[in-house]
Amino acid sequence: MSAAPLPPDPASHTSSSVPMGIAEIEQKIPHRAPMLLLDEIVEISETAIHARKRFASDDFFVQGHFPGYPLVPGVIQCECCLQAGAILLSEQTPDVGEFVPVATRMDSVKFKNMVRPGDTVDIHVTLKERLSNAYFLTGRMLLNGKTTMRLDFACSITNPRDTEEGSGGDAS
C-alpha cells in the first residue's frame, strides 16, 4: 500500500486564526463533558492544530491523583492530543459526524514535566502521514512554552454506525 501524499508544508498554507470554542469543538468530535478535554482551538491548518486546555482542581481525574499534590494523569494528557488530532482529521472526513477517528496506536510517549490543576496547556498536533484510512500524527503538550509530554499516534477513520455497540475501541 502506498502512502497518500500529504498537503504541502503547513507553513505554506493559510491557517485559520479564528478561535473555536466549546460549541464549535462539539460540532467536530463526539466527546462531551466530562471527557471533552479541549477548551479552545487557537489555530488550525490542513496538517496542524493548536488547541488549549485549562485544568481545574475539580476535574474528576485529579480527585485522588494524588491527594495533597494533585497531578493531571498522563493518560489524560495523551487524550488531549488525541482529541486535538480528531478535530484536525474531522476536516478530512467526508461528512462531519458520520465518521470518527479511532485511536489505533500510541508510540514513543514521553512525559517531561508535571501538569497540575490551574495550569493552562497548549496542545500541538501535526499530521505526518496518511496510508489509506490510517493517519499518523505527532502530539506535543506545552506548559509555559516547555514540553510536558509528547507522543506519536495513529488513528483510523470509521463510521460508528458500522460497528457493533460495545465492540471496544477509543473514539478519540
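Whatever comes next refers back to the structure up there.
Position numbers for residues count from 1 along each chain, tracking the sequence in the order it is written. Note on the predicted model: pLDDT of at least 70 is required for a residue's local features to be given, and 80 or more for side-chain atom pairs to be given and counted; whole-chain, interface and lining totals, by contrast, use all residues. Side-chain metrics in this entry use all non-hydrogen atoms of the structure; hydrogen atoms and water are not considered.

Chemist: A description of the nonpolar core should follow, citing residues and the corresponding values.
Modeler: Among the nonpolar cores identified, the biggest contains 39 residues, and Ile 41, Ile 123, Val 125 and Leu 137 are the most heavily contacted of them. For this core, the secondary-structure elements that each account for two or more residues are strand S1 (40-44), strand S2 (48-54), helix H2 (74-90), strand S4 (120-131), strand S5 (134-143) and strand S6 (146-158). Here this core gets 10 residues from one element, more than from any other, and that element is H2. Leaving out residues up to four positions away in the same chain, Val 125 has contacts with Thr 47, Ala 48, Ile 49, Cys 81, Ala 84, Gly 85, Leu 88, Leu 137, Thr 138, Gly 139 and Phe 153. To form a nonpolar core, buried Ala, Val, Leu, Ile, Met, Phe, Trp, Tyr and Cys residues must be joined to one another through side-chain atoms within 4.5 Å. Three labels apply to residues, based on accessible area from a 1.4 Å probe with only protein chains included: buried if under 20% of the type maximum, exposed if over 50%, partly exposed otherwise in between. Put simply, DSSP marks the helices as runs of H or I at least four residues long and the strands as runs of E at least two long, and each gets a number from the N terminus on. When checking whether two residues touch, look at their non-hydrogen atoms; a contact exists if any pair is within 4.5 Å.

Chemist: Got a sec to walk through a nonpolar patch on the surface? Specific residues and values, please.
Modeler: Grouping into patches uses exposed residues only, defined as over 30% relative accessible area, and leaves out salt-bridged ones; the cut-off is 9 Å for like charges and 5 Å for nonpolar side chains (Val, Leu, Ile, Met, Phe, Trp, Tyr). We get accessible surface area from the Shrake-Rupley algorithm with a probe of 1.4 Å; when it comes to residues, only the shown protein chains can shield them. Only one rule defines a salt bridge in this text: a Lys or Arg side-chain nitrogen within 4 Å of an Asp or Glu carboxyl oxygen. A cluster of nonpolar side chains, contributed by Met 106, Val 109 and Phe 111, occupies part of the molecular surface with about 260 Å² of accessible area. Tracing the backbone through its elements, the reader meets Met 106 in strand S3 (residues 100-111).

Chemist: I'd like a description of the side chain of Gln 77, backed by residues and values.
Modeler: Along the chain, Gln 77 falls in helix H2. The contact partners of Gln 77, leaving out residues within four places of it in the chain, are Val 72, Phe 111, Val 115, Met 141, Thr 148 and Met 149.

Chemist: Talk me through the pattern of salt bridges; I want residue IDs and the actual numbers.
Modeler: Here the structure, examined in full by the defined rule, presents six salt bridges. Put simply, Asp 122 and Arg 52 hold a salt bridge, and the shortest N to O gap is 2.9 Å. With Asp 122 in strand S4 and Arg 52 in strand S2, this pair connects stretches of sequence that are 70 residues apart. We classify Arg 52 as partly exposed; its relative accessible area is 25%. Put simply, Arg 105 and Asp 107 hold a salt bridge, and the shortest N to O gap is 2.9 Å. Since its relative accessible area comes to 40%, Arg 105 is described here as partly exposed. Residues participating in the shared-partner salt-bridge network are Glu 40, Arg 52 and Asp 122.

Chemist: Please set out the environment of Ser 108 residue by residue, giving values where relevant.
Modeler: With respect to the helices and strands, Ser 108 occurs in strand S3. Each C-alpha atom, one on Ser 108 and one on Arg 150, is 7.7 Å from the other, the two residues being 42 residues apart in sequence. With residues up to four places along the chain from it excluded, the contact list for Ser 108 reads Arg 150, Leu 151 and Asp 152.

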